[in-house]
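Analysis of the macromolecular model
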Amino acid sequence: MIKQINVLFLLFCSLTGQSLIDHNILNKCGLIPSNENQLYRIDQNWGYSYDSLLVDLERWGNSPYVNIDSIGATVQNRALWEITISNFPDSNTLPRVYIHTRTHPSEEESFWVSDEIINLLLSDSPYAEFVRNNTVFHIIPMYNPDGVELGFSRENANGIDIESGWDDVTLEPEVAVLKNRFIELMATNNPVEVALNMHSAYSCVRYFVYHAAGGTTTNYTILEQQFINDVRSYFPNGFEPWDYFVSWNSGTPDQYPESWWWMTHGENVLALTYEDMNCAAAGAFDSTANAIVRGVVDYLGLEYVGTNDNLFTHPGKFSLIQNYPNPFNPTTTIQFILSKASNVNISIFDLSGHEIIHLVRESLTSGSKSVKWDGTDKSGIKVPSGIYFYSISTGNFRQTRKMVLLK
Ligand SMILES: [Zn+2]
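Okay, so let's go over this structure. Once a new chain begins, its residue numbering starts again from 1 and follows that chain's sequence as written. Per-residue local features of the predicted model are confined to residues with pLDDT of at least 70, and side-chain atom pairs are confined, for both listing and counting, to 80 or more; whole-chain, interface and lining totals are unaffected and use all residues. Excluding hydrogens and water, the side-chain values take into account all heavy atoms of the structure.

1. Considerations on the overall build of the protein
What the protein contains, in helices and strands, is 9 helices and 16 strands. Within the protein, residue pairs in contact and separated by at least 24 positions form 71% of the contacts whose partners lie at least 6 positions apart. In this description, accessible areas are obtained by the Shrake-Rupley approach with a 1.4 Å probe, and a residue is regarded as covered only by the protein chains that are shown. For the protein, the exposed surface amounts to about 16600 Å²; the carbon and sulfur share of it is 50%. The helix and strand labels rest on DSSP assignments: H or I over at least four residues marks a helix, E over at least two residues marks a strand, and numbering proceeds from the N terminus. Whether two residues are in contact is decided by their heavy atoms: any pair within 4.5 Å suffices.

2. Considering the packing of helix α7 (residues 218-233) against helix α9 (residues 285-299)
Packing of α7 against α9 leaves a shortest axis separation of 8 Å and a crossing angle of 140 degrees. Considering the angle they form, α7 stands oblique to α9. Considering the relative orientation of α7 and α9, their crossing is right-handed. Along the contact surface, α7 presents Leu223, Phe227, Asp230 and Val231, while α9 presents Ala291, Ile292, Arg294, Gly295, Val296, Asp298 and Tyr299. Among the residues making up the contact of α7 with α9, the classes are represented as 7 nonpolar, 1 polar and 3 charged. Convention adopted: a line fitted to C-alpha atoms gives each axis, helices being fitted over their contacting stretch, and angles between N-to-C directions are expressed from 0 to 180 degrees. Working definition: roughly parallel below 35 degrees, roughly antiparallel above 145 degrees, roughly perpendicular at 65 to 115 degrees, and oblique for all remaining angles. Whether a crossing is left-handed or right-handed is set by the direction in which the near helix is turned from the far one by less than a right angle, anticlockwise for left-handed and clockwise for right-handed. Polar here means any residue other than Ala, Val, Leu, Ile, Met, Phe, Trp, Tyr, Cys and Pro, which are nonpolar, and Asp, Glu, Lys and Arg, which are charged; Gly is therefore polar.

3. Remarks on the environment of Val269
Relative to the elements of secondary structure, Val269 occurs in the loop between α8 (257-265) and β8 (270-276). Only protein chains enter the accessibility calculation, which uses a 1.4 Å probe; a residue is then buried when its area is under 20% of its type maximum, exposed when over 50%, and partly exposed in between. You can call Val269 buried: its relative accessible area is 1%. Taking the C-alpha atoms as reference points, Val269 and Met186, separated by 83 residues in sequence, lie 9.8 Å from one another. Apart from residues lying up to four places away in sequence, Val269 is in contact with Met186, Val192, Glu193, Val194, Ala195, Tyr220 and Trp261.

4. A closer look at the side chain of Ser153
One can find Ser153 in the loop between α5 (145-150) and α6 (173-186). Residue classification places Ser153 among the buried residues on the basis of a relative accessible area of 0%. Identification of polar contacts relies on pairs of N or O atoms within 3.5 Å, with a donor-acceptor requirement for protein atoms, meaning one able to donate a hydrogen and the other able to accept it, and with residues adjacent in sequence counted only if both atoms are side-chain atoms. Here the side chain of Ser153 touches Ser106 through a polar contact of 3.0 Å, side chain to side chain.

5. Re the pairing of strand β1 (residues 66-73)
On a regular strand, each side chain points to the face opposite its neighbour's, so the side chains alternate between the two faces of the sheet. Examined bridge by bridge, β1 and strand β2 (residues 79-85) share 6 bridges and lie antiparallel to one another. By the bridge assignment for β2, Asp69 is matched with Glu82. For two strands to be treated as a pair, DSSP must find at least two bridges joining them.

6. Re the packing of aromatic side chains
A pair of Phe, Tyr and Trp rings is counted when the ring centres sit within 6.5 Å of each other, with Trp represented by its six-membered ring. The angle between the planes then sorts it: under 30 degrees is stacked, over 60 is edge-to-face, the rest tilted. According to the stated counting rule, one finds 21 aromatic pairs in the structure shown. Seen in terms of ring centroids, Phe182 and Trp261 are 4.5 Å apart; in terms of plane orientation they differ by 40 degrees. Their pairing is tilted. Taken together, the residues span a long stretch of sequence, with Phe182 in helix α6 and Trp261 in helix α8 at a distance of 79 residues. For the pair Phe182 and Trp261, one class covers both residues: buried. Taken together, the ring pairs in this structure connect Phe208, Phe227, Phe235, Phe239, Tyr274 and Tyr299 into an aromatic cluster. For a lysine, the NZ atom is tested; for an arginine, the CZ atom; a charge sits over a ring if that atom is within 6 Å of the ring centre and within 35 degrees of the ring normal. For the cation-ring pair, Arg132 lies above Tyr65, with the distance from its terminal atom to the ring centre recorded as 3.5 Å. We note Arg294 situated over the ring of Tyr127; from NZ or CZ to the ring centre the distance is 3.8 Å.

7. So, the pattern of salt bridges
The term salt bridge refers to a side-chain nitrogen of Lys or Arg lying within 4 Å of a carboxyl oxygen of Asp or Glu. Counted by the stated rule, this structure contains 10 salt bridges. Measuring nitrogen to oxygen at the nearest pair gives 2.8 Å for the salt bridge that ties Glu184 to Arg181. A residue pair is termed a helical-turn pair when its members lie 3 or 4 positions apart in one helix, as Glu184 and Arg181 do in helix α6 at 3 residues. Judged by relative accessible area, which is 46%, Glu184 ranks as partly exposed. Between Asp276 and Arg206 there is a salt bridge, with the nearest N and O atoms lying 3.9 Å from each other. On the criterion of sequence distance, the pair formed by Asp276 in strand β8 and Arg206 in the loop between β5 (192-200) and β6 (207-211) is long-range, its members being 70 residues apart. No difference in accessibility class separates Asp276 from Arg206, as the two residues are buried. Counted as one network, the salt bridges with shared partners bring together Glu82, Arg181 and Glu184.

8. Re the coordination of the zinc ion
Counted as coordinating are nitrogen, oxygen and sulfur atoms within 2.8 Å of the metal, or 3.2 Å for Na, K and Ca, while water is not included, which may make sites look incomplete. Coordination of the zinc ion by the protein is provided by His104 (ND1), Glu107 (OE), Glu107 (OE) and His199 (ND1), with metal-donor distances spanning 2.1 to 2.5 Å. Tetrahedral means four donors with every angle between 85 and 135 degrees, whereas square planar (four donors) and octahedral (six donors) require angles over 155 degrees between opposite donors and between 65 and 115 for all others; sites fitting neither are termed irregular. Taken together, the 4 donor atoms coordinating the zinc ion span angles of 56 to 146 degrees at the metal, a pattern that classifies the geometry as irregular. Look at where the donors of the zinc ion fall in the sequence and you get H-x2-E-x91-H. Placement of the pair is His104 in the loop between β3 (96-101) and α3 (109-121) and His199 in strand β5, with a sequence separation of 95 residues. Each member of the pair, His104 as well as His199, is classed as buried.

9. So, the environment of Lys402
On the secondary structure map, Lys402 appears in strand β16 (residues 397-405). Among the residues examined, Lys402 registers a relative accessible area of 13% and is labelled buried. Lys402 has contacts with Leu223, Glu267, Asn268, Tyr299, Gln322, Asn323, Asn326, Ile387, Tyr388, Phe389 and Tyr390, leaving out every residue within four places of it along the chain. A polar contact is formed between the side chain of Lys402 and the backbone oxygen of Glu267, at a distance of 2.6 Å.

10. Observations concerning the nonpolar core
Among the nonpolar cores identified, the biggest contains 79 residues, and Ile85, Ile117, Phe208 and Ile292 are the most heavily contacted of them. Per element, the largest residue contribution to this core is 8 residues, and it comes from α9. A domain assignment, automatic or from a database, supplies the domain bounds used here. Among the domains, domain 1 (2-303) and domain 2 (316-405) are the pair contributing at least three residues each to this core. Setting aside anything within four residues of it in sequence, one finds Ile292 in contact with Val113, Ile117, Leu196, Met198, Phe208, Val231, Phe239 and Tyr274. Nonpolar cores are built from buried Ala, Val, Leu, Ile, Met, Phe, Trp, Tyr and Cys residues. Side-chain atoms within 4.5 Å join them into one set.

This is the structure in structure tokens:
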């Protein structure tokens, strides 16, 4: 399959020919902003070509932690490759993270960040092992390979910017493929909880595009702020504060991937665009990737408490399952699985981290367990609508999940 695509790639290159322009007139970000549609860089594929990706796919595919699959095809029939990284890729309990990269071909920094995320997740470090044991990461390293090969700055082979148009009646092929993949994963028992859309802006800073309460909810903005602050804490001075780039001040747009996530899954999915640097000072992709992965893992409520192998949790031995129903009013059921007898604590917290009630403090036998929460605090008073967290701890391991009480 990969070899076949190599041939297609070569054919295509020779058909397209060269449409180079003088690189001296490019700005320092490698782009003429006023003339980006006419800008071709097929000689460089903006620094990382589809062919480079195919070589890397073969290399990544040698890892026991990677599954590689084509989830569909582009306008010019290139495969859209998705790599899945987990020690338990077929798990139906582990939370999923979705990262898609390089919608805009000229923003190759976004690939280098994702490349370092892949390197981190595939490494032999105890932390990487912990992440692989407790999550399923899906990554599209190159979402717009046609644009990369054509040397387009932002568009696919139809000349359309596939960062938008998610609300169109007729979708671009790449948009249809990714949207269907999201729908497919959201229908599983363990849906996507974090979705990152990787770009690099024509500026010299790193930031997340923040969605204001005007287009979301106050609760959602609290989650965004917590996540962004947490990522920043792992790379001091590396990222701009959450309010550096505020969007959706007056309503929810409907054309972007994040719009689709918000309109279909609301507070259940943290969906953000990340913008890396796109300038001569770009770099530190490994520090950036490390901060983003740690921020995501923290957001999922997975707490890494050790540096030694014997402190790992292993799914199948221990698993906290999403409560049902969710959102709920006023009662919901929290299910968890113990593979061995354990001392178990389960508590409910509000958004500011205050413990609402300590639901379980017991020594339990192995097996599947559940506990109900009726939406009251430790004094028996009904708590208001909002986002709550339930947290389970046994010994050295702690896991937290989010739920929504909606009255
Ligand atoms: Zn972009």
